[in-house]
Amino acid sequence: MVVPSAFLSDRARGVKQSAVRDVFDLAMAPGVVSLAGGNPWLDELPLERLGGVAEELVARQGHLSLQYGAGQGTPELRDAVCSVMAADGISGADPENVVITPGSQAAIDTAARMLGNPGDVVVVEDPTFVGALNTFNTWELDAVTTPTDDEGLIPALLRTTLQRLRTEGRRVAFLYTIPSYANPSGALMPAERRDEVARICREEGVLIVEDNAYGQLGFTDGPVAPIAAAHRDHVIYLGTVSKIFSPGVRIGWALVPTALLREFYLSAESAFVCPPVFSQMLSTAFLTRFDWQGHVARCTDEYARRCDALVEEMEQTLDPRIQWRRPAGGFFVWARMPDGLDTLPLMHTAAEAGVVFVPGGAFTPDDGPHPHFRLAFSFVAPEALREGVRRLAPVLNAALPSDDPLAPPRAK
């Protein structure tokens, strides 16, 4: 009999299934309303026109689109994503410093294995993206949290964290941050705070990996310029077409400081040889032949409408002791039960009631209990969102301590 563990590396034995994966398994049950998945809304895409482009790429350019390609990505797509970055606030990006990857998750993976040795520290926001935590765990990096508030990283406490780690003799591989409409918190870091974070990291000798998947998705305001806009030589900047076009094409990119470009490119190439050429060509066509910014604006209007539906139902049905803040963009509402409660057991109870959400423990390496939870509104129609909250409310409300008086009505 084969004993699987006998064939596994120590690294593979350490990989854990996240609560997010458990949620997706639960969400497959018939009739369940999923408030878990951060999927983009695709109904606005011009599918017939895109289908014509796809046919053209195969029928007329199949010898290119279906072949191996350059490891750094096609020149045409590297030019196109520089235009996307210009719209984000990064002007004058050099296509030669862009590396195309199979989604930004692959860029996170490349940064982790290029920059970190086993046992090194990656400083992360608390909370942070579960996919990044999984990657850091795979590469045996120690994710250490630094506190956040409604505007993201708290600079003074970031400095305290970095200084404590230095005193402990720990090597910090990099800071991983999501400044714009963060997953899962929805926090938007102000411009002046971004500059302060960059200054602190430069003074402490720490590189920044900036993940900007949601920067274009502000409900009312335009993008806040990324940290990389003014600090390009100290930031590996990650972008993706997953939220502005399609997650299925699996196209992301990294804008890499010149001093690190060769190592990043070679690390990426060793993992996936080259990003998918057909996906690159289709993404290039979308970014150059279609009104991608108009598409994003229409989608963002719909996300704002869905967010309103979710929040309005939460205000009407959830106990006032359950707190949240309406995000100004992105895909998620980050909510909090009273201290001492853990939302992980409630995930299974909610699934039995026909609704799924992601418990807060999925988004931090720190031990629980974790009173937070994430609700996603991007992929679900407004009335289904309302129904999901109506199913969820009895589960959450029943978990609250019965001996505490109800708080005053939540301010509208």
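These figures come from a predicted structure and were not determined experimentally. (Residues numbered from 1 in each chain as written. Predicted model: local features only at pLDDT ≥ 70, side-chain atom pairs only at ≥ 80, totals over all residues. Heavy atoms only, no water.)

S.K.: Which parts of the structure should I look at to understand the overall build of the protein chain?
M.R.: From N to C terminus, the protein chain includes 14 helices and 15 strands. Over its C-alpha trace the protein chain gives a radius of gyration of 22 Å, about what one expects of a compact globule, namely 22 Å for 412 residues. Principal-axis analysis of the C-alpha atoms places the extent of the protein chain at approximately 65 × 60 × 55 Å. Looking at the protein chain as a whole, 54% of its 412 residues are labelled buried. Long-range pairs, those at least 24 residues apart, make up 77% of the contacts in the protein chain between residues at least 6 apart in sequence. Just so you have it, the protein chain exposes about 17700 Å², and 53% of that area is on carbon and sulfur atoms. The distance from the centre of the 35 positive side-chain charges to the centre of the 51 negative ones in the protein chain is 1 Å. (Helix = DSSP H or I, 4+ residues; strand = E, 2+ residues; numbered from the N terminus. Rg over C-alpha atoms; globule rule 2.2 N^0.38 Å. Buried < 20%, exposed > 50% of the residue type's maximum accessible area, 1.4 Å probe, protein only. Contact = heavy atoms within 4.5 Å. Areas by Shrake-Rupley, 256 points an atom, 1.4 Å probe, with all protein chains shown as cover. Lys, Arg positive; Asp, Glu negative; His and termini not counted. Charge placed at Lys NZ, Arg CZ, Asp CG, Glu CD.)

S.K.: I keep staring at the environment of serine 9 and nothing clicks. Help me out?
M.R.: Inspection of the secondary structure puts serine 9 in the segment before α1 (10–13). Between the alpha carbons of serine 9 and arginine 374 there is a distance of 33 Å; along the sequence they are 365 residues apart. Within the structure, serine 9 has its side chain in polar contact with the backbone nitrogen of alanine 12 (distance 3.0 Å). (Polar contact = N/O pair within 3.5 Å; in protein donor to acceptor, adjacent residues only side chain to side chain.)

S.K.: Explanation requested: helix α7 (residues 130–138) in the structure shown.
M.R.: Residue pairs spaced three or four apart in an α-helix point in one direction, given the helix's 3.6 residues per turn. Residues of α7 that are buried: Val130, Gly131, Ala132, Leu133, Thr135 and Phe136. Taken from the residues just after α7, glutamate 140 is the one with a positive phi, measuring 60°.

S.K.: For this particular structure, what's the right way to read the packing of helix α6 (residues 104–115) against helix α10 (residues 258–272)?
M.R.: Working note: a packed helix pair is described by the angle between its axes plus the distance between those axes. At a minimum axis distance of 9 Å, the contact between α6 and α10 shows a crossing angle of 115°. The element α6 and its partner α10 pack so that their crossing is right-handed. In this structure, α6 uses Ala106, Ala107, Thr110, Ala111, Arg113 and Met114 to contact α10, whose residues at the interface are Leu260, Glu263, Phe264, Ser267, Ala268, Ser270, Ala271 and Phe272. Of the residues contributing to the contact of α6 with α10, the split by class is 9 nonpolar, 3 polar and 2 charged. (Axes fitted to C-alpha atoms, helices over the stretch in contact; angles between N-to-C directions. Left-handed = near helix turned anticlockwise from the far one by under 90°. Nonpolar A, V, L, I, M, F, W, Y, C, P; charged D, E, K, R; others polar.)

S.K.: Which parts of the structure should I look at to understand the sheet that holds strand β11 (residues 323–324)?
M.R.: Strand pairing within a sheet occurs via backbone hydrogen bonds; the two strands may be parallel or antiparallel. Read across the sheet, 4 strands follow the order β11-β12-β15-β14 without closing on themselves; strand pairing throughout is antiparallel. Edge positions in the sheet fall to β11 and β14 (358–359), since each has one partner strand and no second. As paired strands, β11 and strand β12 (residues 332–336) are joined by 2 bridges and run antiparallel to one another. Looking at β12, one finds that glutamine 323 is bridged to arginine 336. (Pairing = 2+ DSSP bridges.)

S.K.: Just checking my understanding: could you explain the pairing of strand β9 (residues 235–240) for this structure?
M.R.: Successive residues of a regular strand alternate their side chains across the two faces of the sheet. Taking burial as the measure, the 6 residues of β9 include 6 buried ones, the bulk of the element. In β9, alternate side chains face the same way, and those of Val235, Tyr237 and Gly239 on one face and Ile236, Leu238 and Thr240 on the other are all buried.

S.K.: Explain the packing of helix α8 (residues 155–167) against helix α9 (residues 191–204) to me, please; I cannot follow it from the model alone.
M.R.: Remark: α8 packs on α9, axes separated minimally by 9 Å, with the N-to-C direction vectors making an angle of 15°. Between α8 and α9, the angle is such that the two are roughly parallel. Handedness of the crossing formed by α8 with α9: right-handed. Within the contact between the two elements, α8 uses Pro155, Leu158, Arg159, Leu162, Gln163 and Arg166 and α9 uses Arg193, Glu196, Val197, Arg199, Ile200, Cys201, Glu203 and Glu204. Considered class by class, the residues forming the contact of α8 with α9 number 6 nonpolar, 1 polar and 7 charged. (Parallel < 35°, antiparallel > 145°, perpendicular 65-115°, else oblique.)

S.K.: Where do I start with the pattern of salt bridges in this structure?
M.R.: Tallied over the full model, the rule gives 28 salt bridges. Between arginine 171 and aspartate 120 there is a salt bridge, and its shortest N-O distance comes to 2.5 Å. Pair noted here: arginine 171 is in the loop between α8 and β7 (172–177) and aspartate 120 is in the loop between α6 and β3 (121–125), with a separation of 51 residues, a long-range link. Look at aspartate 120 and you get buried, because its relative accessible area is 8%. The salt bridge partner of arginine 326 is aspartate 308, with a shortest N-O separation of 2.8 Å. Linking arginine 326 in the loop between β11 and β12 with aspartate 308 in helix α12 (residues 292–317), this pair joins segments that are 18 residues apart in sequence. (Salt bridge = Lys/Arg side-chain N within 4 Å of Asp/Glu carboxyl O.)

S.K.: What exactly am I supposed to notice about the nonpolar core here?
M.R.: As a rule of thumb, soluble globular proteins bury nonpolar side chains together. Counting 101 residues, the largest nonpolar core has Met85, Leu175, Trp253, Leu287 and Met314 as the members making the most contacts within it. No other element matches the 9 residues that α12 contributes to this core. Leaving out residues up to four positions away in the same chain, leucine 175 has contacts with Val123, Leu153, Leu158, Val197, Cys201, Val206, Leu207, Ile208 and Val209. (Core = buried A, V, L, I, M, F, W, Y, C linked by side-chain atoms within 4.5 Å.)

S.K.: Could you clarify how one ought to interpret helix α5 (residues 75–88) in this entry?
M.R.: With 14 residues, α5 should cover 20 Å at 1.5 Å per step; its first-to-last C-alpha distance of 20 Å lies within 8% of that length. Those residues of α5 that sit buried are Leu77, Arg78, Ala80, Val81, Cys82, Val84, Met85 and Asp88. On its buried face, α5 is in contact with β2 (98–101), β9, β10 (252–255), α11 (277–289) and α12. (Expected span 1.5 Å × (residues − 1).)

S.K.: Can you help me understand the sheet that holds β3 in this one?
M.R.: On the basis of which strands lie adjacent, the open sheet formed by 7 strands has the order β2-β10-β9-β8-β7-β3-β4 and mixed pairing. Of all the strands in the sheet, the pair left with one neighbour each is β2 and β4 (142–146). Between one strand and the next, the sheet's axes are offset by a mean angle of 25°, whatever the strand orientation. Relative to β9, strand β8 (residues 208–211) runs parallel, the two sharing 4 bridges.

Geometric descriptors of this kind do not, in isolation, establish any biological role.
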